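Inside the fold
If you want the building blocks of each chain, they are given just below.
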Amino acid sequence: MPSTTAIDELKLRVQELKRELNAILLAHYYTLPEIQQVADVVGDSLALARSAEKTGADVIVFAGVWFMAETAKILNPDKLVLVPDAYAGCPLADSCPVEEYRRFRLQHPEAVAVSYINSSAEIKSLSDIICTSSNAERIISSIPPDRKIIFGPDRNLGGYLMKKLGRDMLLWQGFCYVHEAFAEEHILAACRQHPEALLIAHPECRQEVLRHAVFTGSTQALLDYTVSSSAQSFIVATEPGILFEMQRRSPGKTFIPAPKDTENPRSVCKQMKQNTLDKLVRCMQERAPEVTLPEELRNAALQPIKRMLELSA
């Protein structure tokens, strides 16, 4: 772990490089606190996609996971898009191989294919519309009730939407390993240990967890809820990186990461944590790793993303 002095020096170098490159640094809430501290925009997938679409910067540096940077490139073909670590992927996105998904779609040609933004450019290109956990309810509700819907790749988010909106959907059976890891047994133990705390949860969690939550919502919605709620203590069932911003927004409140099990007090996204300050400096200095896409694929993936942004305006 770098010393405090080394961390401060790296932060200063990041700021210098942003000015030199005319770069914007986008970071997800699940990245390390020191990454969030130097970012120009910290947000969830929808907020970051919007920021990528609107930026006037010449260079986009994306501290998150690969599909997020890929989305930024889809929206900005003429900009240089950089990532600190090209191997910071998303196992949820990887759980939906393109040829298997293509066959799945062909089996239901009449269905509207709604794909979670946590998917590859190839999956987006085979989709009719993209959604995030922030706008999924609005997207699904915009589809006529007589139309069949394919939803993927996250089965837990899909199941949550089916129950809440009363829509029957064909679900791809992928999941986020961070949220899937939360088990009812350990969540209830945490609730007993902290009876004063409210349980809030991301809809990527399993139904057995969600049924105990006083509030279920996207990363941004969970953050907003903790700010507006009069409660003083929360058990947070999502990736614990968000606790940094929760604590910053509500310094007098207590935030407890939901336990993965008795041995692990939190469930962490290893890929998000691959974004480090030294990698960030290196990628900006070397202008690499760069995100590139074939133009035909980029154009095909752009259309369902634009539909999402239009419906979410």
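To keep things clear, this report deals only with the structure shown in the data block. Since we're looking at a predicted model, the values are computed, not measured.

**As for the pattern of salt bridges**
- Under the counting rule described, the total for this entry stands at 15 salt bridges.
- Between Lys18 and Asp40 there is a salt bridge, and its shortest N-O distance comes to 3.1 Å. Highlighted residues: Lys18 in helix α1 (residues 4-21) and Asp40 in the loop between α2 (33-38) and β2 (41-43), separated in sequence by 22 residues.
- You can call Lys18 buried: its relative accessible area is 8%.
- Look at Asp40 and you get partly exposed, because its relative accessible area is 44%.
- Ionic pairing is found between Asp128 and Arg105, a salt bridge with its closest N-O pair at 3.2 Å.

**Remarks on the environment of Ser250**
- You can see Ser250 is positioned in the loop between α14 (242-249) and β12 (254-257).
- Each C-alpha atom of the pair Ser250 and Pro97 lies 41 Å from the other, and the pair is 153 residues apart in sequence.

**Digging into empty space enclosed by the protein**
- As enumerated under the stated definition, the model contains three cavities of 30 Å³ or more in all.
- Approximately 290 Å³ is the volume found for the largest cavity.
- The set of elements that each furnish at least two residues to the lining of the largest cavity consists of α3 (45-54), α4 (66-75), α5 (91-94) and α10 (177-180).
- With three residues, the top contributor of residues to the lining of the largest cavity is α10.
- Split into classes, the residues belonging to the lining of the largest cavity amount to 14 nonpolar, nine polar and three charged.

**Some words on helix α9 (residues 155-165)**
- All buried positions along α9 are accounted for by Asn156, Leu157, Gly158, Tyr160 and Leu161.
- Among the residues of α9, the N-terminal cap falls to Asp154, whose side-chain oxygen and the backbone nitrogen of Asn156 are separated by 2.9 Å.
- Note on α9: the residue one or two positions beyond its end, Gly166, has a positive phi of about 70 degrees.

**Remarks on the packing of aromatic side chains**
- Taken as a whole and assessed by the stated rule, the structure comprises six aromatic pairs.
- Note on Phe215 and Tyr225: the rings are 4.5 Å apart at their centroids and 5 degrees apart in plane angle, and the pair reads as stacked. Placement of the pair is Phe215 in strand β10 (residues 215-216) and Tyr225 in helix α13 (residues 219-228), with a sequence separation of 10 residues.
- An aromatic cluster is built from Phe215, Tyr225, Phe234 and Phe255, whose rings are joined through pairwise contacts.

**Concerning the sheet that holds β12**
- An order of β10-β9-β11-β12 is seen for the four strands of this open sheet, with the pairing classed as parallel. Edge positions in the sheet fall to β10 and β12, since each of these pairs with one other strand and no more.
- For strand β9 (residues 198-201) and β10, the ladder comprises two bridges, and the chain directions are parallel. Residue pairing in the sheet places Ile200 in a bridge with Phe215 of β10.
- In the packing of α14 onto the sheet, the strands contacted are β9, β11 (233-237) and β12, and the crossing angle to β12 comes to about 170 degrees.

Reading guide: rules and limits
- Residues numbered from 1 in each chain as written.
- Predicted model: local features only at pLDDT ≥ 70, side-chain atom pairs only at ≥ 80, totals over all residues.
- Heavy atoms only, no water.
- Salt bridge = Lys/Arg side-chain N within 4 Å of Asp/Glu carboxyl O.
- Helix = DSSP H or I, 4+ residues; strand = E, 2+ residues; numbered from the N terminus.
- Buried < 20%, exposed > 50% of the residue type's maximum accessible area, 1.4 Å probe, protein only.
- 1 Å grid on protein atoms, 1.4 Å probe; cavity = no way out; pocket = protein on both sides within 12 Å on 5 of 7 lines; lining within 4 Å.
- Points joined across faces, edges and corners; volume = space filled by probe spheres on them.
- Nonpolar A, V, L, I, M, F, W, Y, C, P; charged D, E, K, R; others polar.
- Polar contact = N/O pair within 3.5 Å; in protein donor to acceptor, adjacent residues only side chain to side chain.
- Phe/Tyr/Trp six-rings, centres within 6.5 Å; stacked < 30°, edge-to-face > 60°.
- Pairing = 2+ DSSP bridges.
- Contact = heavy atoms within 4.5 Å.
- Axes fitted to C-alpha atoms, helices over the stretch in contact; angles between N-to-C directions.

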